[in-house]
Amino acid sequence: MVGFEIGAVPFNPDGWGPPESSSALLPNHPNNVPFAPFSRSDKLGRIADWTRNYNNQNRNTNNPRNPSDSVFDFTGDESFGGVGADEDSSFRLVDGKPPPRPKFGPKWRFQQQRNQLPQRRDEEVEARKREAEKERARRDRLYHLNRSGGPRREAAVFKSSVDIQPEWNMLDQIPFSTFTKLSFSVPEPEDLLLCGALEFYDRSYDRVTPKNERRLERFKNRNFFKVTTTDDPVIRRLANEDKATVFATDSILSSLMCAPRSVYSWDIVIQRVGNKLFFDKRDGSQLDLLSVHETSQEPLPEAKDDINSAYSLSVEAAYINQNFSQQVLIREGNKVTFEEPNPFANEGEEVASVAYRYRRWKLDNDMYLVARCEVQSVVEVNNQRSFLTQNALNEFDPKYSGVDWRQKLETQRGAVLATELKNNANKLAKWTAQALLASADMMKLGYVSRVHPRDHFNHVILAVVGYKPREFAAQINLNTSNMWGIVKSIVDLCMKLNEGKYVLVKDPSKPQVRIYEVPADAFENDYVEEPGGSQMQLPMK
């Protein structure tokens, strides 16, 4: 058995590397194997160079080769075979073209070095996945920001309730963040005058359930009045008698009190006449309608003609509220009349059941506020009369709210109310504020739904629930001191203005209000003067 012979390894006693006479000691060693002398501190270079091309030996005849390249040139060594040079000269690469390089694209920006391979396709797919994950995470952050009170409905674009004219002068803008810190306590108000007549509430509606629903009726012959402050003859009379310095209505005051909860744009006209201040609304203002899904995260269709658009739903909600407030009464029965009749109705005219309480609050030593407040019905409890306000929440399509009233009202009424508090926080807060201003003993909330989601003319009453205003205000986190703090701050600001006309506008896209100085004849064309006030009757089919 023959073993492997390592051969003789010469020893160099004079230094590093093989001795000069190593060829004599190694008879089988090639003659021209180079040795590049180096010291231990030198950096080692290439062991073999496979990229050199000697096919064109005469290419650089004038320029000698790099001395370091001669170390790796074995073509002249006969011990490697005499045919080596001929084989090298006849050798050709199958494809000597460099790899294609794209002309543009950010991913190739740093791939400028020679012999660098292009990015693999699976790496490109992974890169796209990472970018998609980043985009999804960004959308999730925006969604959670919206839910935590940030800018809501990023895709929705809201319009201003009034066209801002170029000649208007903006005097101030107030962010809602300053409103939430205000607080002011007012003493109990006093009633100056009660007008109108009230019908009694029908308690049978407290037993209505989705299984024995009631069809919502239409009251085309009863007139509903939405009269602004300065068109009210009683307020004019009280102003002439110097009963107060600030005059408003409950709907205008509730809009101010609940301003931080509002999303849609609204506006209030302010008139400074002498030392008196009048808060008005424009005829056909947003304050005459009821917002639907205002504080919801689910955007509504933007087309105005769509039955589920914000405008169409607000008209539908106002129509439902008018009819609901009259249907839950004992008609053709006894009425409770007050000192004066309805100040806006003509003689013999059929009007809705409503009583106007003209009430006065003390804001300062020499500053009083008078507001016209409304209640819709009366009920006798233990031989004592209690005033009620009546409003209706309306369901238009369960897909938007995610809660089907017909299935949840009987078993999970709290979940239905919680959903409505989330989607209609501003509307419910305004109703509660109006009930508190009128000192109503009970506020009745009706749950009214469409017969079919695509039919916005026919509705049914699914339930009616009663709440005490102060308890309900605490439940929805509505602070009466903060409400009056907002009103007091706006009044103090306006009392510093000169005599003239101003408009307070809620910004359509930001949580803030702006005060503009407007010409004295602004909005005059919007008013429609009618004997006894302007009445409101919504169109119905």
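Our subject is the structure that appears above.
Source: prediction; values computed, not measured.

Chemist: I'd like to hear about the nonpolar core, residue by residue, with values.
Modeler: Counting residues in hydrophobic clusters, the biggest one holds 77 residues, and the most contacted among them are Phe-279 and Tyr-447. Ignoring sequence-local partners within four residues, the contact set of Tyr-447 consists of Leu-393, Trp-405, Leu-409, Val-416, Leu-417, Val-460, Ile-461, Leu-462, Ala-463, Val-465 and Tyr-467. With 16 residues, the next largest nonpolar core counts Leu-193, Phe-247, Phe-278 and Tyr-356 among its residues.

Chemist: I'd like a rundown of the packing of helix α6 (residues 250-257) against helix α11 (residues 425-437), residues and numbers included.
Modeler: Close contact between α6 and α11 brings their axes to 9 Å; oriented N to C, the two are set at 125°. When the axes of α6 and α11 are compared, the pair comes out oblique. Here α6 and α11 pass one another in a crossing that is right-handed. Where α6 abuts α11, its residues Asp-250, Ser-251, Leu-253, Ser-254, Ser-255 and Met-257 lie against Lys-430, Ala-433, Gln-434 and Leu-437. The class makeup of the residues in the contact of α6 with α11 is four nonpolar, four polar and two charged.

Chemist: Hey, could you go over unusual backbone geometry for me, with residue numbers and the actual values?
Modeler: The backbone of His-293 sits at a positive phi, close to 60°, despite the residue not being glycine. Tracing the chain through its elements places His-293 in the loop between β7 (276-280) and α7 (310-327). One non-glycine residue with positive phi stands out, namely Ser-439, at about 55°.

Chemist: I'd like to hear about the environment of Ala-435, residue by residue, with values.
Modeler: Tracing the backbone shows Ala-435 in helix α11. Along the chain, Ala-435 and Ala-473 lie 38 residues apart, while their C-alpha atoms are 9.9 Å from each other.

Chemist: Outline the pattern of salt bridges, supporting the account with residue identities and numerical values.
Modeler: Evaluated as defined, the whole model comprises 19 salt bridges. Where Arg-359 meets Asp-191, a salt bridge forms, and the shortest distance between an N and an O atom there is 2.8 Å. Taken together, the positions of Arg-359 in strand β9 (residues 354-364) and Asp-191 in strand β2 (residues 190-200) put the pair 168 residues apart, joining distant regions of the chain. Of the charged contacts in the structure, one is a salt bridge between Asp-242 and Lys-276, with a shortest N-O distance of 2.6 Å.

Chemist: How would you summarise the packing of α6 against helix α13 (residues 480-495) if you had to cite specific residues and measurements?
Modeler: Each pair of packed helices can be summarised by the angle the axes make with each other and by the distance between the axes. Look at α6 against α13: their axes get within 8 Å of each other, and the N-to-C directions meet at 100°. Accordingly, the angle class assigned to the pair α6 and α13 is roughly perpendicular. Here α6 contributes Leu-253, Leu-256 and Met-257 to the contact with α13, which in turn contributes Met-483, Trp-484, Ile-486 and Val-487. Among the residues forming the contact of α6 with α13, the class breakdown is seven nonpolar, no polar and no charged.

Quick notes on the rules
Residues numbered from 1 in each chain as written. Predicted model: local features only at pLDDT ≥ 70, side-chain atom pairs only at ≥ 80, totals over all residues. Heavy atoms only, no water. Core = buried A, V, L, I, M, F, W, Y, C linked by side-chain atoms within 4.5 Å. Buried < 20%, exposed > 50% of the residue type's maximum accessible area, 1.4 Å probe, protein only. Contact = heavy atoms within 4.5 Å. Axes fitted to C-alpha atoms, helices over the stretch in contact; angles between N-to-C directions. Helix = DSSP H or I, 4+ residues; strand = E, 2+ residues; numbered from the N terminus. Parallel < 35°, antiparallel > 145°, perpendicular 65-115°, else oblique. Left-handed = near helix turned anticlockwise from the far one by under 90°. Nonpolar A, V, L, I, M, F, W, Y, C, P; charged D, E, K, R; others polar. Salt bridge = Lys/Arg side-chain N within 4 Å of Asp/Glu carboxyl O.

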